[in-house]
Amino acid sequence: YLARSDESSVHRPISTGDVFTGVKLPTTGDKLRKVIIVSHPCVIRNGPVLRERLLVAQVESRTLVGVDWQHSHYQLCPLPALLPKAGNDGQVANFDKLEVVPSEDLRNGQRVAILSMEGLAYMFQRWVYSQTRWPPKKGDFVAALDGPLTEDRKSTRLNSSHIPLSRMPSSA
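Below is a short write-up of the structure.

About the criteria used
Counting of residues starts from 1 at the beginning of each chain's written sequence and follows it residue by residue. Only residues with pLDDT of at least 70 get local features here, since the model is predicted, and only at 80 or more are side-chain atom pairs given and counted; chain-wide, interface and lining totals rely on the full set of residues. With hydrogens and water stripped out, all remaining heavy atoms of the structure feed into the side-chain values. We define a salt bridge as a contact between a side-chain nitrogen of Lys or Arg and a carboxyl oxygen of Asp or Glu at a distance within 4 Å. Helix and strand definitions here come from DSSP, where helices need a minimum of 4 consecutive H or I residues and strands a minimum of 2 consecutive E residues; each element is numbered from the N-terminal end. Residue exposure (1.4 Å probe, protein chains only): buried if accessible area is under 20% of the type maximum, exposed if over 50%, otherwise partly exposed. We treat Lys and Arg as the positive residues and Asp and Glu as the negative residues; His and chain ends play no part in the count. Residue contacts follow a heavy-atom distance rule, with two residues in contact if any of their heavy atoms lie within 4.5 Å.

This part is about the pattern of salt bridges. The tally for this structure, following the rule as stated, stands at six salt bridges. A salt bridge links E60 to K97, with the nearest nitrogen and oxygen atoms 2.7 Å apart. Taken together, the positions of E60 in strand β6 (residues 53–63) and K97 in strand β8 (residues 89–102) put the pair 37 residues apart, joining distant regions of the chain. Classification of E60 by relative accessible area gives buried; the value is 13%. Across the pair E118 and K138 runs a salt bridge, and its minimum N-O distance is 3.4 Å. Of this pair, E118 sits in helix α2 (residues 117–132) while K138 sits in helix α3 (residues 138–162), and the two are 20 residues apart along the sequence. You can call E118 partly exposed: its relative accessible area is 44%. Residue K138 is classed as partly exposed on the basis of its relative accessible area, which comes to 25%. Within the structure, one salt-bridge network assembled from shared partners comprises E60, R62 and K97.

Written out as structure tokens, the structure is:
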């Protein structure tokens with residue numbers, strides 16, 4: 001992970017691989033869920049502006065120990081140690097439970113984790129394989145994500161040097 005819980009900078013723009021809790025989904029009524037943004041960073045923005053609706057996968061509790069992740073459960077992406085106190089009940093992104101949600105609903109939730117470049121590459125590799133049974137190379141995703149994630153880092157530095165915390169939204 002690039003960051004978890006309180007390590008997540010409020011100055012960092014919302015991006016691919018961000019995990020949020022407390023998000024209302026169209027199919028779950030008033031029940032709030034954990035989700036992860038799964039669309040490529042270029043798809044979730046119109047220039048610098050976050051699109052109105054974003055594709056997310058639900059994040060669920062699952063036992064991670066003893067599962068042969070390399071040869072089964074392709075629709076799930078393990079998120080080990082996402083919640084430090086979960087023990088063997090780890091978390092997974094479930095690609096069978098994709099939803100399009102208003103970006104405002106993510107802002108109303110709480111960002112609890114940001115995937116690292118390697119985590120994003122594994123997530124995309126697993127998602128593509130789950131949908132196509134084609135085994136893409138992790139390095140291809142690293143190359144495709146490098147530019148947009150460099151922009152995220154630059155935006156974070158710029159925001160942190162120009163916007164006081166007192167003026168930032170609580171779930172930025």
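Let us keep going from here.
Moving on: unusual backbone geometry. In this structure, H73 is a non-glycine residue whose phi angle is positive, near 55°. Looking at the element boundaries, H73 is found in the loop between β6 and β7 (76–79). Phi is positive for R133, close to 60°, though the residue is something other than glycine. The residue R133 is located in the loop between α2 and α3 in this model.

Turning next to the side chain of R126. Tracing the backbone through its elements, the reader meets R126 in helix α2. The side chain of R126 is buried and forms no salt bridge, while D68, the nearest opposite charge, is found at 8.0 Å. In this structure R126 touches W69, S72, H73, Y74, L76, C77, P78 and F95, once residues within four positions along its chain are discounted.

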